[in-house]
Amino acid sequence: AGFGKSLLKKVRQDLSLLSAACEGTAKSTNEVRQLIQDLSTDQVPKAWQRFAMAKVTATQYLSDLVKRLEQLRTVVSCSSLQKHRLWYGGLFFPEAFLTASRQAVAQEKKVS
């Protein structure tokens, strides 16, 4: 959950900074101007591109990010993943999840 949490924190910080700049309560820095340019042309800001994803618009990126974070929240709070449908492509690092799942099953069955 750490990766998703840090990515969400960065997106929120950038959007808060952008909002403050638009309201005139924050200085318009080069970073803010680049953020304005990226979002006004529906491009994903470079600082948000921390996980591999097909080239998409900023609108599509944010929609996908919300779905990934919702799944992550569900998985973290779920008592049994056996009854939960998982979108592997929506995990930030699906290979790490599969490795951990194999290890957990091996330990449960005492074959590791």
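Residues numbered from 1 in each chain as written. Predicted model: local features only at pLDDT ≥ 70, side-chain atom pairs only at ≥ 80, totals over all residues. Heavy atoms only, no water.

(A) Quick peek at helix H4 (residues 94–108). Between its terminal C-alpha atoms H4 stretches 21 Å, which fits the 21 Å expected from 15 residues at 1.5 Å a residue. Once H4 finishes, Lys110 follows within two positions and takes phi at roughly 55°, a positive value. (Helix = DSSP H or I, 4+ residues; strand = E, 2+ residues; numbered from the N terminus. Expected span 1.5 Å × (residues − 1).)

(B) Local environment of the side chain of Asp14. Of note, Asp14 is situated in helix H1 (residues 2–23). Taking relative accessible area as the criterion, Asp14 reaches 4% and is therefore assigned buried. Each residue touching Asp14, except ones within four places of it in the same chain, is listed here: Glu31, Leu35, Ala47 and Trp48. (Buried < 20%, exposed > 50% of the residue type's maximum accessible area, 1.4 Å probe, protein only. Contact = heavy atoms within 4.5 Å.)

(C) Expanded view of the packing of aromatic side chains. In this structure the tally under the stated criterion is two aromatic pairs. Plain terms: the ring middles of Trp48 and Tyr61 are 6.1 Å apart, the flat faces sit at 25° to each other, and that makes the pair stacked. Of this pair, Trp48 sits in the loop between helix H2 (30–40) and helix H3 (58–77) while Tyr61 sits in helix H3, and the two are 13 residues apart along the sequence. Neither residue differs from the other here; Trp48 and Tyr61 are each classed as buried. (Phe/Tyr/Trp six-rings, centres within 6.5 Å; stacked < 30°, edge-to-face > 60°.)

(D) Seen up close, the nonpolar core. By size, the foremost hydrophobic cluster in this structure holds eleven residues: Leu7, Val11, Leu18, Leu35, Val44, Trp48, Tyr61, Leu65, Leu69, Leu72 and Phe92. Where this core is concerned, the elements lending two or more residues are H1 and H3. Beyond its immediate chain neighbours, meaning those up to four positions away, Leu69 contacts Gly4, Leu8 and Phe92. (Core = buried A, V, L, I, M, F, W, Y, C linked by side-chain atoms within 4.5 Å.)

(E) Looking closely at the side chain of Arg68. With respect to the secondary-structure elements, Arg68 resides in helix H3. A polar contact of 2.4 Å, which involves the side chain of Arg68, links it to the side chain of Asp64. (Polar contact = N/O pair within 3.5 Å; in protein donor to acceptor, adjacent residues only side chain to side chain.)

(F) Representation of H2 within the structure. Listing the buried residues of H2 in full gives Val32, Leu35 and Asp38. Buried residues of H2 fall within an arc of 125° about the axis and therefore sit on the same side. The exposed residues of H2 that point more than 90 degrees off its buried face are Asn30 and Ser40. Packed against the buried residues of H2 are H1. Trailing H2 by a residue or two, Asp42 shows a phi angle of about 60°, which is positive. (Arc of directions from axis to C-beta.)

(G) How the structure looks around the packing of H1 against H3. As a packed pair, H1 and H3 sit with axes 11 Å apart at the nearest point and diverge in direction by 140°. By the angle between their directions, the pair H1 and H3 is classed as oblique. Between H1 and H3 the crossing geometry is left-handed. The residues of H3 that touch H1, namely those facing Gly4, Leu7, Leu8 and Val11, are Tyr61, Leu62, Leu65, Leu69 and Leu72. Here the contact of H1 with H3 is composed, by residue class, of eight nonpolar, one polar and no charged. (Axes fitted to C-alpha atoms, helices over the stretch in contact; angles between N-to-C directions. Parallel < 35°, antiparallel > 145°, perpendicular 65-115°, else oblique. Left-handed = near helix turned anticlockwise from the far one by under 90°. Nonpolar A, V, L, I, M, F, W, Y, C, P; charged D, E, K, R; others polar.)

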